[in-house]
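So the chains spell out like this:
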Amino acid sequence: MTTVTVSPKYQIVIPKEIREANGIVSGQKVQMISYRNRIQLIPIEPMENLRGFLKGIDTTLERDKDRL
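Residues numbered from 1 in each chain as written. Predicted model: local features only at pLDDT ≥ 70, side-chain atom pairs only at ≥ 80, totals over all residues. Heavy atoms only, no water.

Participant: Help me understand a nonpolar patch on the surface, please; the structure alone is not making it clear to me.
Facilitator: Taken together, the side chains of Val 4, Val 6, Tyr 10, Ile 12, Val 30, Met 32, Ile 39 and Leu 41 define a hydrophobic patch exposed on the protein surface, amounting to about 800 Å² of accessible area. Elements that contribute at least two residues to the nonpolar patch include exactly strand S1 (30-35) and strand S2 (38-43). Residue position: Ile 39 is located in strand S2. (Patch = residues over 30% accessible without salt bridge, like charges linked within 9 Å, V, L, I, M, F, W, Y side chains within 5 Å. Areas by Shrake-Rupley, 256 points an atom, 1.4 Å probe, with all protein chains shown as cover. Salt bridge = Lys/Arg side-chain N within 4 Å of Asp/Glu carboxyl O. Helix = DSSP H or I, 4+ residues; strand = E, 2+ residues; numbered from the N terminus.)

Right under this line is the structure:
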């Protein structure tokens, strides 16, 4: 477990091993969630990285006979 210190300006530094393990780079945005007395940081992926992640998904949809 890694411990960080909150600065007088309420800032923290994400430790290098955590940044590298999660692929966080300088300037990247993260989502911060407070849940049951915990704080979670979730890296936000750029839209370009999400392109094609659903490749091969079955998009067929069975419809009722009275629908087109």
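Participant: What am I meant to see in the pairing of S1 here?
Facilitator: On any regular strand, side chains alternate: one points to one face of the sheet, the next to the other face. Bridge analysis of S1 against S2 gives 6 bridges, and the strand direction is antiparallel. Paired with Gln 31 across the two strands is Ile 42, which belongs to S2. Here S1 hands over to S2 after 2 residues, with Arg 36 in that stretch at a positive phi of 50°. (Pairing = 2+ DSSP bridges.)

Participant: How do you make sense of the environment of Ile 12 when you look at a structure like this?
Facilitator: As for its placement among the helices and strands, Ile 12 is situated in the segment before helix H1 (16-22). The exposure class assigned to Ile 12 is partly exposed, which follows from its relative accessible area of 42%. (Buried < 20%, exposed > 50% of the residue type's maximum accessible area, 1.4 Å probe, protein only.)

Any link to function would need more than the numbers given here.
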